[in-house]
Amino acid sequence: VRTGRAAPSGRDTHCPYCALQCGMTLTPAQDRVPDDGASPPVVVAPREFPTNKGGLCQKGWTSASLLTASDRLTVPLVRDRTVDAGGVVTRGELRPATWDEALGRVAASITAIQAESGRDAVAVFGGGGLTNEKAYALGKLARTVLRTANIDYNGRFCMASAAAGANRAFGADRGLPFPLADLAGAGAVLLLGSNLAETMPPSVQHLAGVRERGGLVVVDPRRSATAALTGPREGPPQGVHLQPVPGTDLVVLLALLHVVWAEGLADDEYLAARASGVEDVRRAVAAWWPERAETVCGVPADDLRRVARLLAAASPARGGRGAYVLTGRGVEQSTQGTATVTAAINLALALGLPGRTGSGYGAITGQGNGQGGREHGQKADQLPGYRKIDDPAARAHVAAVWGVDPASLPGPGRPAVELLRSLGTPGRPRALLVHGSNVLVSAPDATRVAERLDALDLLVVCDLVPSETALRADVVLPVTQWAEEEGTMTSLEGRVIRRRQAVTPPADVRSELWVFAELARRLGSTVPFPLDPAEVFDELARASAGGVADYSGLSHARLDADEAAGGPGLYWPVPSTRPGGEAHPGTPRLFLDRFHTPDGRARMVAVDHVGPSDDLRPDAPVYLVTGRVLQHYQSGAQTRRVADLDRIVPGPFVEMHPILGFRLGIRDGDPVRLTSARGDVRAPARWSDDIRADTVFMPFHWSGAGSVNRITTDATDPVSGMPEFKVCAVAVEPDTGV
Ligand code: SF4
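Residues numbered from 1 in each chain as written. Predicted model: local features only at pLDDT ≥ 70, side-chain atom pairs only at ≥ 80, totals over all residues.

Chemist: Describe in detail the domain arrangement of the protein, supporting the description with residues and values.
Modeler: Taken domain by domain, the protein comprises domain 1 (11–68), domain 2 (77–155 + 397–404 + 416–533), domain 3 (160–363) and domain 4 (622–734). Between the C-alpha centres of domain 1 and domain 3 there is a distance of 34 Å. Counting residues at the interface gives ten residues for domain 1, matched by nine residues for domain 3. (Domains from an automatic or database assignment. Contact = placed C-beta atoms within 7 Å.)

Now the structure itself:
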């Protein structure tokens, strides 16, 4: 059975991909024969929801095809290993197995490895696409059954710098601490390193007003689809596009801050009442006058002044309509990602924006459950409710919910890149359990990651399809996907929403919740792992009670009732009750009265520009930046299997300016080779005058010779542990096939 039958009537749910979580309705495909193994069993229709306002992008429209992927995993797979007399290990091919054999193999291997090498010899790698229930249960499995410190997730590649910056400044990290729809009324929006028009197109509807008012500012080395929203090259501007040298976004922000103070545009009254660290920051930016900044970032000094004045004019202190500063992966995936987010927050604070209705700072979360996925315990340093794992009170609270001794809970583990780097090395993890991640495509310096995975004694992958990482595993476990399961997700605004089942999964496919429970049982644990997602959510809610991300006033039933009554979902924190006993209504806007810091003030922190870890040099004289295209999502493991998307963008390309092409003898469509200190990749050239002439761009959705993460650097931000995907130095040359 490749496809199940659709539910008899339409189910309201959300898109399986990005954090916009567009509303959609799945209805049975009446004109198609169920279970035919080819046609989607349901039809997708957009649904009015506040984030997408009835819109869907191509990925959402075609998402039902995922349910009938021709190579959908439908039975467990195992790989046998043989050892010859000389001790040489030979790995066989993956072959079908029963669940009993596959899980028996996993449990026996884990038991043997931990007995020989200790509990931390087994590591876990989670994903920002898992439902809240699965992310929570995965963290619980790691801490109570495996009792390993080594758990982290792919959000470390995605939101770690934004989270670190927001936690440091505000004491809380909710990507957008306000509803996305609030942007519509703004006088100015500064969007740094986010290509919303390609990554989550329906969100652009919320920028219509600010574009009309000429207040959209986009900072990007490429004239991306989003940068193009600032107006045509020749014609009336609807905003400003700043096109800095890759790796210098921080300098742009330091210069904007300099102008704000130099021209008396700061909101001094707000700063005096609501922020600390102001003078340190003011002193630090004194050295970044626009003309100096221009020599580093390449943005004309006059443009920097113009943008600072535009933002200030829209700020509440000057009687404006309100202004927002928003960051995305373009500025966060950097060795100075946390510093850049901090500078963006400093700018927002200097203008008096955060904690005011109609203004603020926010980060645009990318992965479907990138927000909820970082709140409930699959991060190396975290317990449910966004609690710190080294906080004794947090350990005691969560241990009580789990029914275990707090002393038995492990401490903080290694962040994702460090964890992957350590695999298979002496004294380090010998087994890895991967859930909802395709690290062989998505991790930096991917060739080295492949070598390290091969050095493991046990690699287990839970997935829907045979991703590149699954194909390297010793055990592959087929699990349910979005429309086959119940659960919750948390959108980029911290709105907790329901994911609903619309079709029955193939007969031998299981939910990860069942996998976790079964593994716990086979490993001899008595810690209960409920199978019903609603019951798991109730436990998660209890575990989160009193934490920053407090879900204790929520349940599946309450979320269902809220939606049935026409409610748009509930934003965390949602404590269990308010004074007087009424249900808490949720918190659409954070920080209106105080920030979540001990003294209630936002913390400004002075930061300075250092530059990228892998800068230009004679043998690598061109910047490489990476990113996404509209038709594909993350590692492409899902969207590459959707024929309608694959047809539009079937493979990688190297975007380059014609000036660079002429200089290197590379014409549009010619094969190109990019070489960095880590290796090389090959793809056809795509000429475009939307990119700087010192920079090439490559999307990261593919494996093989065109897998750009084979050449990205695994250098990381010292605060967040986030890798520097967004800039490295490469040589660019015609690909002669050598
Ligand atoms: Fe909406 Fe994102 Fe899905 Fe596109 S991929 S339909 S923007 S949730």
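Now that the structure has been shown, we can carry on.
Chemist: An account of the confidence of the model for the protein is needed here, citing residue identities and associated values.
Modeler: When the pLDDT values of the protein are averaged, the result is 94; 97% of them are 70 or greater. Segment residues 1–7: pLDDT under 50, and 35 contacts once partners within four positions in sequence are set aside and those in other chains are kept. Quick note on the complex model: pTM equals 0.95, ipTM equals 0.99. (pLDDT = per-residue confidence, 0-100.)

Chemist: Account for the pairing of strand β26 (residues 679–687), naming residues and giving values.
Modeler: Pairing of strand β24 (residues 654–656) with β26 involves three bridges; the strand directions are parallel. Opposite M656, over in β26, you have W687 as the bridge partner. Where strand β25 (residues 671–676) meets β26, six bridges bridge the pair, whose relative direction is antiparallel. By the bridge assignment for β26, V672 is matched with A683. In sequence, β25 turns back onto β26 through a hairpin of two residues. (Pairing = 2+ DSSP bridges. Helix = DSSP H or I, 4+ residues; strand = E, 2+ residues; numbered from the N terminus.)

Chemist: Residue-level account of the sheet that holds strand β12 (residues 323–327), with values.
Modeler: Taken in spatial order, the five strands line up as β10-β9-β8-β12-β13 in an open sheet, and their pairing is parallel. In this open sheet, the two edge strands, each paired with only one partner strand, are β10 (239–242) and β13 (360–363). Ignoring which end each strand starts from, the neighbouring axes of this sheet average 10° apart. Where strand β8 (residues 188–192) meets β12, five bridges bridge the pair, whose relative direction is parallel. Bridged to V189 within β12 is Y324. Relative to the sheet, helix α13 (residues 337–350) contacts β8, β12 and β13, its axis offset from that of β12 by approximately 175°. (Axes fitted to C-alpha atoms, helices over the stretch in contact; angles between N-to-C directions.)

Chemist: Let's hear about the pairing of β13: which residues, and what values?
Modeler: Side chains G360 and G362 of β13 all project onto a buried face; the interleaved residues Y361 and A363 project onto the opposite face, where all are buried too. Strand direction decides the pairing type here: β12 and β13, joined by four bridges, are parallel. Following the sheet pairing, V325 is matched in β13 by Y361. (Buried ≥ 20, exposed ≤ 12 C-beta atoms within 10 Å, placed from the backbone.)

Chemist: Describe the site of the ligand, with residues and values.
Modeler: Among the 14 residues in the neighbourhood of the ligand, the closest are listed as C15, C18, C22, C57 and G60. Considered class by class, the residues forming the shell around the ligand number ten nonpolar, three polar and one charged. The residues that make up the shell around the ligand include at least three from each of domain 1 (11–68) and domain 3 (160–363). (Near = placed C-beta within 6 Å. Nonpolar A, V, L, I, M, F, W, Y, C, P; charged D, E, K, R; others polar.)

Chemist: Give me the sheet that holds strand β21 (residues 570–571): which residues, what numbers.
Modeler: Strand order in the open sheet formed by three strands is β19-β20-β21, and the pairing between neighbours is antiparallel. The sheet is open, and its two borders are formed by β19 (487–490) and β21, each paired with just one other strand. Judged from the two bridges that link them, strand β20 (residues 495–499) and β21 form a sheet pairing that is antiparallel. Residue R495 lies in a different strand from β21, and its bridge partner there is Y571.

Chemist: With reference to specific residues and values, describe the environment of M489.
Modeler: Its place among the elements puts M489 in strand β19. Taking the C-alpha atoms as reference points, M489 and A606, 117 residues apart in sequence, are found 35 Å from one another. In this structure, M489 is in contact with H14, Q21, T131, N132, G368, N369, G372, I497 and R499, ignoring residues within four places of it in sequence.

Chemist: Describe the nonpolar core, and please don't skip the residues or the numbers.
Modeler: Judged by nonpolar contacts, the single largest core of 197 residues is most densely connected at V189, V217, L256 and L347. Ranked by residues supplied to this core, first place goes to helix α7 (residues 249–262) with ten residues. Here L256 is in contact with L304, V307, A308 and L347, once residues within four sequence places are set aside. Judged by nonpolar contacts, the second largest core, of 27 residues, contains Y623, L624, V654 and V730. (Core = buried A, V, L, I, M, F, W, Y, C linked by C-beta atoms within 7 Å.)

Chemist: Tell me about the packing of α7 against helix α10 (residues 290–297), and name the residues and values.
Modeler: Running from N to C, α7 and α10 point in directions that differ by 170°, and their axes come no closer than 9 Å. One finds that α7 runs roughly antiparallel with respect to α10. Contact residues: V251, V252, L254, A255, H258 and V259 in α7; P290, A293, V296 and C297 in α10. Here the contact of α7 with α10 is composed, by residue class, of nine nonpolar, one polar and no charged. (Parallel < 35°, antiparallel > 145°, perpendicular 65-115°, else oblique.)

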